[in-house]
Amino acid sequence: MKYFNLAKSVSQLSDYKHQHIGCVVVLGKHVISVGYSTNRTHPIQMYYNQYRDLYGDHIEHKLHAECYALGRIRHLDIDWSKVEIYIYREHKNTGVRALAAPCPACMAFIRELGIKDIFYTGNDSWVHERVG
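Rules of the game
Counting from 1, residues in each chain are numbered in the order their sequence is written. Reporting in this predicted model follows two pLDDT cut-offs: at least 70 for local features of residues, and 80 or more for side-chain atom pairs to be given and counted; totals over whole chains, interfaces and linings ignore these cut-offs and use all residues. Calculated side-chain values reflect all of the structure's heavy atoms, with hydrogen atoms and water omitted. Buried means the residue's accessible area, taken with a 1.4 Å probe over protein chains only, is under 20% of the maximum for its type, while exposed means over 50%, and partly exposed covers the values in between. Runs of E in the DSSP output that reach at least two residues are strands. Runs of H or I that reach at least four are helices, and both are numbered from the N terminus. The reported arc concerns the directions from the helix axis to the C-beta atoms and nothing else. Here a residue-residue contact requires only that any non-hydrogen atoms of the pair lie within 4.5 Å. Within 3.5 Å is the distance limit for a polar contact, defined as a pair of N or O atoms, with the added protein rule that one can donate a hydrogen and the other accept it, and that residues adjacent in sequence qualify only through two side-chain atoms.

A. Up close: helix α1 (residues 2-11). Those residues of α1 lying buried are Tyr3, Phe4, Ala7, Val10 and Ser11. When α1 is viewed along its axis, its buried side chains cluster within an angular range of 120 degrees and face the same direction. The elements touched by buried residues of α1 are β1 (19-27), β2 (30-36), β5 (83-91), β6 (117-121) and β7 (126-130).

Here is the structure:
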């Protein structure tokens, strides 16, 4: 729970209009990075957005919490299979917790690094997903 609580705190930095999303990256028992969703654009998000299903719509390249957190540490020489990610999302106006499953772009980045364990908020639950 402490990593979800930290992700919740980090999510408060998000400048997204309708939601706060925060991400905490953990190796062993050590937090190695944090990120939050922001309206800033970033080349990493632009690159990984190719994995999103566009349906002909224009995709904005606003930086997602997962890409923000992972982009800061992608150069590290670590065993990525031992890294865990915690993602917290809540609606900005109500503070109600919401589903925070990674989008296809963020999931592509997670898989490319070799991360296996993702934890995220559900509407009324906490979800653990083992990526294979």
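B. Spotlight on the environment of Gln50. Residue position: Gln50 is located in the loop between α2 (43-48) and β4 (62-63). A sequence separation of 58 residues divides Gln50 from Ala108, and the C-alpha atoms of the two residues are 9.6 Å apart. Within the local environment of Gln50, its side chain forms a polar contact with the backbone oxygen of Tyr47, the two atoms lying 3.2 Å apart.

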